[in-house]
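# Residue-level structural notes
If you want the building blocks of each chain, they are given just below.
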Amino acid sequence: MSRPITIAGISGSLRKGSFNTASLQAAAELAPENVTLTTHTPHGIEPFNEDVEAEGWPEHVAELREKIAPADAILFATPEYNYSVPGVLKNAIDWLSRPTGDGPITGKPAAIIGASPSPFGTARAQAHLRQIVFYNAMPLMPYDEVLVMKAGNKIEDGRLVDEESRDFVKQLMADFADWVRLHTDRKAG
């Protein structure tokens with residue numbers, strides 16, 4: 001039996017009926033045995049400000065950092081706004097990357113999924129997010145892109161119901177578990 005893995009899923013959407021939060025919930029449901037995924041949204045996270053940081057972590061930032069810190073890996077779920085990641089996700093990453101080189105996401109294996117009503121999914125946002133993740137020394141899984149396109153037709157009542165999309169998410173989670181074990185075992189060894 002393989003060792004247990006915990007993954008923190010961070011949704012880049014604050015919307016109540018978020019396609020990306022639904023995608024993370026599907027990832028949690030379809031994760032292989034011994035893999036636990038928790039879902040987090042950056043609700044209440046104030047804009048990053050070094051003056052505020054110098055005074056101590058704001059309440060919502062401290063809560064998110066505390067929830068993310070014990071995770072073995074991070075699964076980002078990003079919408080695409082104006083060909084990029086939403087500001088709220090970038091802002092959360094800014095807080096989670098501090099102090100530089102020693103934040104709770106620094107160096108953790110990562111993967112990206114995204115859901116959008118667009119026929120192109122979140123390809124451009126995912127490309128931009130890869131740059132942000134790279135800065136944080138996070139070994140990013142280089143394959144298994146999951147782009148849930150035309151998500152309004154594939155997500156019903158907050159649940160990913162499209163079988164083809166669910167198969168992609170299931171494969172992503174199996175491959176991501178292997179990726180996480182590879183990188184965390186290497187780091188421990």
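Let me begin by describing the structure that accompanies this report. Since we're looking at a predicted model, the values are computed, not measured. (Residues numbered from 1 in each chain as written. Predicted model: local features only at pLDDT ≥ 70, side-chain atom pairs only at ≥ 80, totals over all residues. Heavy atoms only, no water.)

## Examining the nonpolar core
- The biggest cluster of nonpolar side chains holds 30 residues, and the ones touching the most others in it are Ile 7, Leu 75, Met 173 and Phe 176.
- For this core, the elements supplying multiple residues, two or more each, are β1 (5-11), α1 (19-30), β2 (35-40), β3 (73-77), β4 (110-115), β5 (146-148) and α6 (163-188).
- Membership of the second largest hydrophobic core comes to 24 residues, among which are Val 61, Leu 64, Ile 74 and Ile 93. (Core = buried A, V, L, I, M, F, W, Y, C linked by side-chain atoms within 4.5 Å. Buried < 20%, exposed > 50% of the residue type's maximum accessible area, 1.4 Å probe, protein only. Helix = DSSP H or I, 4+ residues; strand = E, 2+ residues; numbered from the N terminus.)

## Some remarks on the sheet that holds β1
- Within the open sheet, the five strands sit side by side as β2-β1-β3-β4-β5. Their pairing is parallel. Lying at the two open borders of the sheet, with one neighbouring strand each, are β2 and β5. Averaged over all pairs of adjacent strands, the angle between strand axes in this sheet comes to 20°, irrespective of strand direction.
- Bridge count for β4 against β5 is three bridges, and the pairing is parallel. (Pairing = 2+ DSSP bridges. Axes fitted to C-alpha atoms, helices over the stretch in contact; angles between N-to-C directions.)

## Notes on unusual backbone geometry
- For the bond from Arg 98 to Pro 99, the omega torsion is -10°, close enough to zero to count as cis.
- Note on placement: Pro 99 falls in the loop between α4 (87-96) and β4.
- Not every positive phi belongs to a glycine, and Asn 34 is a case in point at roughly 70°.
- Relative to the elements of secondary structure, Asn 34 occurs in the loop between α1 and β2.
- With phi around 55°, Ala 137 is a residue other than glycine that occupies positive phi space.
- Within the fold, Ala 137 resides in the loop between α5 (123-135) and β5.

## Quick notes on the pairing of β4
- Among the six residues in β4, six count as buried, and that is most of the element.
- Burial along β4 is two-sided: the face carrying Ala 110, Ile 112 and Gly 114 and the face carrying Ala 111, Ile 113 and Ala 115 are both buried.
- Bridge analysis of β3 against β4 gives four bridges, and the strand direction is parallel. Residue pairing for β4: Ile 74 is matched across the bridge by Ala 110.
- In this fold, the crossover linking β3 to β4 by way of α4 has right-handed handedness.
- Taken together, β4, α5 and β5 constitute a β-α-β crossover, and its handedness is right-handed. (Right-handed = clockwise from strand over helix to strand, strands pointing away.)

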